Amino acid sequence: MSDKKPISSVNDFVVRFANVNGSGSASANEMFARAILRHGVPVSPRNIFPSNIQGLPTWYEVRVTEDGHLGARGGVDLMVAMNPQTWDKDVAGIEPGGYLFYDSTKPMPSTKFRDDITVIGVPLTAITNSTYTDPRQRQLFKNIIYLGALSALLEMDPKLIEQLIGEQYKGKEKLLSSNVHALHLGRDWALQNLKCPIGLRVKKSDKVGDRIFIEGNSAAALGAVYGGATICAWYPITPSSSVAEAFTSHCKKYRHDPETGKAKYAIVQGEDELASIGIVIGASWNGARAFTATSGPGISLMTEFIGLSYFAEIPAVIMNIQRAGPSTGMPTRTQQCDIIACAYASHGDTKHVLLFPEDPAEAFEFAAAAFDLAERLQTTIFLMLDLDIGMNHRLCRPLKWDDARQYDRGKVMTAEMLEEGRDFGRYLDVDGDGIPYRTYPGTHPTKGSFFTRGTSRDRYARYSEEGTVYADNMQRLVRKFETAQDLVPRPLQANAERPTKYGVIYFGSTSPAMDEAIGLLEARGHQLDRLRIRAFPFHSSVASFLAEHDFVYVVEQNRDSQLRQLIVNENGIDPVRLVPIVHYDGTPITARYIAKAIGDHQDHLKVTPLRKAVS
Amino acid sequence: MTYIAKPKFHHPGLKKNELGYTHRDYEGKISTLCAGCGHDSITASIIEACYELSIEPHRVAKISGIGCSSKTPDYFLGNSHGFNSVHGRMPSVLTGANLANRDLIYLGVSGDGDSASIGFGQFAHSIRRGVNMTYIVENNGVYGLTKGQFSATADRGSKSKKGVTNTDNAIDLVAIALQLGATFVARSFSGDKSQLVPLIAAAIGHKGASFIDVISPCIAFNNHAGSTKSFDYVREHNDAVNRLDVLVGRDPIAVDYAPGTVQVVEQHDGSKIALRKIDADYDPHDRLGAQTFLAKHAAKGQIVTGLLYVDPDAEDLHAHLNTVETPLNALEADTLCPGSAVLDKINASLR
Ligand SMILES: Cc1ncc(C[n+]2csc(CCOP(=O)(O)OP(=O)(O)O)c2C)c(N)n1
Ligand code: SF4
């Protein structure tokens, strides 16, 4: 193998840390990402972790990106190889000309390295062992020591890292000073013994702006607080547990009555997903805003109740943080694979509203909106996140709230309205939008009570198995779903610079990779109009977009192109015109992948003169 | 259509309770169950108990699962909201409803198939959480609505209508409720209204998880010789530990029973239960004693009825969660939403 010139890049590279689960490296690695942010340089970090607590390999990848690309890039420029178990694979994954950082305490045979990369050895174990005696300290400080060494190699400002350590250990002086000490131990060793900096460097910039750095699950939980959810029932499942955990901690901060100290919320860890959604439905039936958070296997269990919510018309909010299925699948890997399962969850003819946020800021907005929609439409609303947005920190615009905003409690008939003599038929379509009025239990001594059931009933909620009565009700539910089209977030369209017959549809966490892929495709000479779908039911602009383009690519992270299936199903479009672009190995889709898949297809169609790909 | 409205006619001479309501105000639609079904007698007892307690009918939420028993909420308290949910899942729906509005009275009606099989988990967890409810299982040992299959409460050795012998062990929901920490546990018989009515009234007054297992023979599928849930069998093997009267808070206690044979239990809501002992040694405040007593009698084939356990100082789920007194469903944006100023601070902390 020939030597290759070392990669040289400022503020645009990928660092990957290979660690062992349980080694305490997570906080040092996250600090590395945050430190770069403090330089004013955007980052996009990703956790890659096994479904296991200790011992198995984990990776943390930080994409340093002056241009602000927040999707995964693919490839690794600097590998911090701290896990002997995965050494070979880690070394093989480095881009030609890239760098390998490793613990050189024990000598390694030269066959374990590559000629086309720069190898940087730091005797981390030797340094820690000579400084610390306690085994746990040795383990933890080793992480900070490599952080220190990296800061020298990448020419980072140590003050900014010290500042972060200061914030993390505020009030814990001993921990603070010992961490700063470890940082400099690594940094000084590198400065004295290595050629610093290497070709990769971090330079101060101003590209972060006022953006915030937050995980999607935490943002969604905050959306539930702002959206007025008072009841959360859940059952632990990765990657959704942190939604309920974040909701709990947000509620502890913001939802206690200052005088009595009592809680203005109730959180129940259900015995399973059946109970969790049952609690949500019972609470919503009784006029409170309630939600559950789960992932694919939980959705499977909830489907019976979801059918009840649809047919008996009871609001419910489900946050589904998707992971790779089917069955237990790959519990800690990301996918967008529950689209069909959620859109048509439960037996019989059902259709449900799905919301697809692209980042934490939208997760916050859509979560809050989900409660308005659930009450307005009296049905289940799914907030469809995935592990990639849910469990990773993302840079996004600051969260916003309009203090004048009131909750939309939907069509609720009050005691006064009943007193006025308003005709109350629980399933009457008074306004022609398919949405009936409901009453809360306990409203009026003699008027407005009704029986809620999952069995067929007439417009006045009286049990009936009459075919015409059943069909009438089912048609009204279709009308209601049509009404939903105009209430849910609309798709966002962005047109190519030049008119084109080709379009691309994408959604959710694919968004940043898609945005970046457009640039790569343009460089290859391909022009594409884009439509980001943000909800199901599809707005009429989806049909227009399909009509305006000869071919539309549908980019998604599942095997069977589920969004495409849904579009075909709901729009009656010729499937040939919708080209699936799928990625489903559990890692987040990258711009490179999208650009190659679409580019190759376009080349094949000979839509542009074939050009040599620029590497 | 199986829906039959009851005529609204009220006889002017009908007796009225403290709130001015008559019996009629506590009735619902006409039952569509088989004539003679034990469940209808339980319906009548619920109506009677609510009438006697002078409950405002619309302040009750009645929630059930699926089964003949679960249909019954349609047949009482026609002015209250009912919820016929899905098979075995009444407890979670009731728990959610209760969390949303702590001010209503929650009546959960279920069957032995509903609660001891498909819903066994939900039954257990709602009890262990201490949800403030009256949970009634109308226990006939069979699946009525799906035509007579054994349920999990059918005794081992008992016979189906077709003569098949049940070889599985039975689940005793009362024993389980005791073990799970229910703070009011009773068993009764649908054919014994004088025992059942005050039990239901006392359970409604109880603040915590009240559980009543009511043996309720199924005329269609489980009322034959060889069944241990038939009218005859229950009458012959019924061993009551006590009888009770419920005295609503405001009533003076005029206890005219012989001293020592009556025990007065005062509940959170001020109501008092006057327990007339039949078994002089039975102590309804002793959870462990109740469990042993029950097991010993079950071994002898006896059905112990009465108020088996009560903890008058019980706390409910709202107390455990320390929720505000205002029902959560009455809180609005002004008190729930932390507002934009707080959000700005949150944003600042995320940079
Ligand atoms: C998920 C599901 N499984 C099965 C059924 C069919 N099913 C309806 S009622 C019932 C059993 C009812 O028995 P029980 O609860 O004892 O009530 P009973 O009719 O005896 O009063 C069953 C199995 C159902 N409705 N839903
Ligand atoms: S089948 Fe049995 S349980 Fe059902 S209504 Fe008839 S008698 Fe009652």
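Residues numbered from 1 in each chain as written. Chains lettered and ligands numbered in written order. Predicted model: local features only at pLDDT ≥ 70, side-chain atom pairs only at ≥ 80, totals over all residues. Heavy atoms only, no water.

**Structural notes on the overall build of chain A**
Counted only if it meets this: In this text, helices come from DSSP runs of H or I with a minimum length of four residues, and strands from runs of E with a minimum of two, each type numbered from the N-terminal end. Here the globule rule reads 2.2 Å times residues to the power 0.38, and the radius of gyration is calculated from C-alpha atoms. Classification of residues uses two cut-offs on accessible area relative to the type maximum, computed with a 1.4 Å probe and protein chains only: under 20% is buried, over 50% is exposed, and between them is partly exposed. When checking whether two residues touch, look at their non-hydrogen atoms; a contact exists if any pair is within 4.5 Å. Computed with the Shrake-Rupley method and a 1.4 Å probe, the accessible areas treat only the protein chains shown as cover for residues. In this tally Asp and Glu are treated as negative and Lys and Arg as positive; neither His nor the chain ends contributes. Taken as the charge location is NZ of Lys, CZ of Arg, CG of Asp or CD of Glu.
Scanning chain A from N- to C-terminus turns up 19 helices and 23 strands. Here chain A has a C-alpha radius of gyration of 27 Å; the compact-globule value for 615 residues is 25 Å, and the two agree. C-alpha extents for chain A along the principal axes are approximately 85 × 70 × 40 Å. Within chain A, buried positions represent 61% of all 615 residues. Of the contacts made within chain A by residues no fewer than 6 positions apart, 75% connect residues no fewer than 24 positions apart. Taken as a whole, chain A presents about 23400 Å² of accessible surface, with 51% of it coming from carbon and sulfur. Positive and negative side-chain charges of chain A, numbering 68 and 71 respectively, have mean locations separated by a distance of 4 Å.

**Observations concerning the packing of aromatic side chains**
Condition: The pairing test for Phe, Tyr and Trp rings, Trp by its six-membered ring, is centres within 6.5 Å, and the orientation test on the planes gives stacked under 30 degrees, edge-to-face over 60, and tilted for anything in between. For a lysine, the NZ atom is tested; for an arginine, the CZ atom; a charge sits over a ring if that atom is within 6 Å of the ring centre and within 35 degrees of the ring normal.
Taken as a whole and judged by the stated rule, the model has 27 aromatic pairs over all chains. Measuring from ring centre to ring centre gives 5.0 Å for Phe536(A) and Phe538(A), while their planes differ by 65°; the resulting arrangement is edge-to-face. Since its relative accessible area comes to 7%, Phe538(A) is described here as buried. Each residue in the set Phe17(A), Phe32(A), Tyr60(A) and Tyr146(A) is aromatic and connected to the rest through ring pairs, giving one cluster. Residue placement shows Arg422(A) over the ring face of Tyr437(A); its charged tip is 5.7 Å from the ring centre. Between Lys62(B) and the ring centre of Phe76(B), over which it is positioned, the NZ or CZ distance is 5.7 Å.

**A short note on the pattern of salt bridges**
Any two side chains of opposite charge can pair if their charged atoms end up close together. Applied cut-off: The rule for a salt bridge is simple: a side-chain nitrogen of Lys or Arg has to be within 4 Å of a carboxyl oxygen of Asp or Glu.
As enumerated under the stated definition, the model contains 52 salt bridges over all chains in all. With its nearest N and O atoms 2.7 Å apart, the salt bridge here joins Glu365(A) to Arg397(A). On the criterion of sequence distance, the pair formed by Glu365(A) in helix α12 (residues 360–377) and Arg397(A) in the loop between β16 (393–396) and α14 (415–419) is long-range, its members being 32 residues apart. Overall, the relative accessible area of 30% leaves Glu365(A) in the partly exposed class. On the basis of relative accessibility, which here comes to 36%, the residue Arg397(A) falls in the partly exposed class. Because the salt bridges share partners, they merge into one network encompassing Arg289(A), Asp372(A), Glu375(A), Arg405(A), Arg409(A), Arg438(A) and Glu332(B).

**Quick word on the site of ligand 2**
Going by this rule: By convention in these notes, a residue is near a molecule or strand provided one of its non-hydrogen atoms lies within 4 Å of it. Note on residue classes: Ala, Val, Leu, Ile, Met, Phe, Trp, Tyr, Cys and Pro are nonpolar, Asp, Glu, Lys and Arg are charged, and everything else, Gly too, is polar.
Around ligand 2, the structure places Leu33(B), Cys34(B), Cys37(B), His39(B), Cys68(B), Asn140(B), Gly144(B), Cys218(B), Ile219(B), Ala220(B) and Phe221(B). Its residues assigned to classes, the shell around ligand 2 shows eight nonpolar, three polar and no charged.

**Quick look at the site of ligand 1**
As a reminder of what qualifies: Two N or O atoms form a polar contact when they lie within 3.5 Å of each other; inside protein one atom must be a possible hydrogen donor and the other a possible acceptor, and for residues adjacent in sequence the pair counts only when both atoms belong to side chains.
Lining the immediate surroundings of ligand 1 are 18 residues, of which Cys68(B), Ser69(B), Gly113(B), Asp114(B) and Gly144(B) lie closest. Lying at an intersection of chains, ligand 1 is approached by residues of chains A and B. His39(B) has a polar side-chain atom sitting 2.8 Å from an oxygen atom of ligand 1. Between ligand 1 and Cys68(B) there is a distance of 2.8 Å, counted from an oxygen atom to a backbone nitrogen or oxygen. When isolated, ligand 1 has an accessible area of 590 Å², and the protein chains bury 76% of it. When contributions to the shell around ligand 1 are tallied by element, the ones reaching two or more residues are α2 (68–71), α4 (112–118) and β5 (142–143) of chain B. Ranked by the residues each element gives to the shell around ligand 1, the list is headed by α4(B), at four residues.

**Description of the confidence of the model for chain B**
How we decide: The predictor attaches a confidence to each residue, and that confidence, scored 0 to 100, is pLDDT.
For chain B, the mean per-residue pLDDT works out to 93, and 94% of the residues sit at or above 70. For this predicted complex, the interface confidence score (ipTM) comes to 0.96, while the overall pTM stands at 0.96.

**Some points on the packing of helix α5 (residues 120–129) of chain B against helix α6 (residues 173–180) of chain B**
Residues and elements named next belong to chain B. Counted only if it meets this: Every angle, taken between N-to-C directions, lies between 0 and 180 degrees, and every axis is a line fitted to C-alpha atoms, over only the stretch in contact when it is a helix. Here roughly perpendicular refers to angles of 65 to 115 degrees, roughly parallel to angles under 35, roughly antiparallel to angles over 145, and oblique to all remaining angles. Left-handed is the label given to a crossing in which the near helix is rotated counterclockwise from the far helix by less than a right angle, and right-handed is the label when the rotation is clockwise.
Contact pair α5 / α6: the axes reach a minimum separation of 9 Å and the direction vectors enclose 40°. By the criterion of interaxial angle, the relationship of α5 to α6 is oblique. Taken as a pair, α5 and α6 cross one another with a handedness that is right-handed. The segment α5 lies against α6, with Phe120, Phe123, Ala124, Ile127 and Arg128 engaging Leu173, Ile176, Ala177 and Leu180. Among the residues forming the contact of α5 with α6, the class breakdown is eight nonpolar, no polar and one charged.

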